[in-house]
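# Analysis of the macromolecular model
Listed below are the residues making up each chain.
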Amino acid sequence: MYLYLKSLIIICLEISCCKIFFENFINRNRFIKAWLMPVWFFLFICIDFAIVVLFSKNIFFKQIMVILIYSIFMGVYFGIRNIKIIIYSILFQTLLLTIDYTVLVFMQLILKGEILSLLVIEHSELLVILSKAVLFILVLTIKKQWKNKHYSFEILSNKEWIKLLSFSFMTIFTIISLLINFDIVHNIKQIETIFIIACGLVFMNIVQFYLIDDIMRKEEKIRENKLYTAKMNNQMTLYFSMSENLEKQRQIAHEYKNKIMCIESLLLNRKYPELEKYVYELSENIIEHINVIDTNNIIV
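Residues numbered from 1 in each chain as written. Predicted model: local features only at pLDDT ≥ 70, side-chain atom pairs only at ≥ 80, totals over all residues. Heavy atoms only, no water.

## Quick look at the packing of helix 3 (residues 59-78) against helix 4 (residues 83-110)
The following threshold applies: Here the axes come from fitting lines to C-alpha atoms, over the contacting stretch only for helices, and the angles between their N-to-C directions go from 0 to 180 degrees. Secondary structure is summarised from DSSP: a helix means a run of H or I of at least four residues, a strand means a run of E of at least two, and numbering begins at the N terminus for each. For classification purposes, an angle smaller than 35 degrees is called roughly parallel, one larger than 145 roughly antiparallel, one from 65 to 115 roughly perpendicular, and anything else oblique. Here a crossing is taken to be left-handed if its near helix is turned anticlockwise relative to the far helix by less than a right angle, and right-handed if that turn runs clockwise. Pairs of residues are marked as contacts when any of their non-hydrogen atoms sit within 4.5 Å.
Between helix 3 and helix 4, whose axes approach to 9 Å, the crossing angle comes to 130°. By the criterion of interaxial angle, the relationship of helix 3 to helix 4 is oblique. As for how helix 3 packs across helix 4, the hand of that crossing is right-handed. Contacts between helix 3 and helix 4 involve Gln63, Val66, Ile67, Tyr70, Ser71, Met74 and Gly75 from the first element and Ile85, Ile86, Ser89, Ile90, Phe92, Gln93 and Leu97 from the second.

## Describing the pattern of salt bridges
Note the following rule: By convention in these notes, a salt bridge is any Lys or Arg side-chain nitrogen within 4 Å of a carboxyl oxygen on Asp or Glu. With a 1.4 Å probe rolled over the protein chains alone, any residue whose accessible area is under 20% of its type maximum counts as buried; one over 50% counts as exposed, and the rest are partly exposed.
Scanning the model with the defined rule gives four salt bridges in all. For Glu23, the salt bridge goes to Lys19, with nearest N and O atoms at 3.1 Å. One end of the pair is Glu23 and the other is Lys19, both in helix 1 (residues 2-23) and four residues apart, which spans about a single turn. Accessibility classification places Glu23 together with Lys19 in one group, the buried group.

## Looking at the nonpolar core
Counted only if it meets this: Among the buried residues, those of types Ala, Val, Leu, Ile, Met, Phe, Trp, Tyr and Cys that are joined through side-chain atoms within 4.5 Å form a nonpolar core.
In this structure, Phe22, Phe44, Phe92, Ile129, Leu130, Leu135 and Ile175 are the most contacted members of the largest nonpolar core, which totals 60 residues. Beyond its immediate stretch of four places on either side in the chain, Leu135 contacts Cys17, Phe92, Leu95, Leu96 and Ile99.

## Here we look at the confidence of the model for the chain
To be explicit about the condition: Note on scores: pLDDT gives the predictor's confidence for each residue, bounded by 0 and 100.
Looking at the chain as a whole, the pLDDT averages 79, with 83% of positions reaching at least 70. Looking over the chain, one finds the lowest element-wise mean pLDDT in helix 5 (residues 113-121), namely 51, and the highest in helix 3, namely 88.

## Notes on the packing of aromatic side chains
Any two aromatic rings considered together are summarised by their centre-to-centre distance and by the angle between their planes. What counts, and what does not: A pair of Phe, Tyr and Trp rings is counted when the ring centres sit within 6.5 Å of each other, with Trp represented by its six-membered ring. The angle between the planes then sorts it: under 30 degrees is stacked, over 60 is edge-to-face, the rest tilted.
For the structure shown, the criterion picks out 17 aromatic pairs. Measuring from ring centre to ring centre gives 4.6 Å for Phe44 and Phe73, while their planes differ by 5°; the resulting arrangement is stacked. In this pair, Phe44 is assigned in helix 2 (residues 37-54) and Phe73 in helix 3, connecting sequence segments 29 residues apart. Put simply, the rings of Phe21, Phe22, Phe25, Trp40, Phe41, Phe44, Tyr70, Phe73, Tyr77, Phe78, Tyr88 and Phe92 pair up and form one aromatic cluster.

## A closer look at the environment of Ile11
Inspection of the secondary structure puts Ile11 in helix 1. Expressed as a C-alpha distance, the spacing of Ile11 and Lys132, which sit 121 residues apart in the sequence, is 9.9 Å. Ignoring sequence-local partners within four residues, the contact set of Ile11 consists of Ile45, Asp48, Phe49 and Val52.

Here it is in structure tokens:
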């Protein structure tokens, strides 16, 4: 039972890293609703665990089934049904296996042969947890280099990324220290305690990532709302300015009409001296404002 629980924890770590890996290349406009996320994650874990248990003796077929399961669930998550999902699933699984092998080789170089044999044969879960911590850092590094333009983490500077990854590196160093001093472990309870500590550190890294992710998304929404509000205010100012100009134009048109009617009245009544004086006054008024031109354009 305890072995199955360890396997479930490891699968949870793999699925979390897989989700982050896919989000590097695909936009986060999720197809499924937020309240379905726990159901999606639970089914993903259960089916992946069943595949691992059923095909534990056939590694090649197990990898094919795992890639297929990843493709299906990630396709549902992103609402995509094309060859890209399968390609990304193959890439992630290749990355996962490569890191597992690299971590094993690396630990073989720094650990004594008998300690490594004990770890691999009896308590290999700690090595697997170390590989998942390395996988998490590598996935974040890919995120930094890829810089998906639809993703909020792109606004982080290099120093901020180093701060973000510092805790992950400390997690790896801590797990390596536990592995180096594994020969001082004498009972099962100590082994279980070390495994829980290692899992807790990796899960804290993932929780920290999603916490910062949520904060960044909220900041992005606040910034977008401010920009939208400023845009709306500018637009309303422009509309009010246009409305005022239209009202002024109506007043000018009305005054012009009255002036024409006045000139017409003076002509009909043959009051030429008054007409000449009136026209002269109008001309003076036009000359005074001849250099003032209203383009009716707020930019100009």
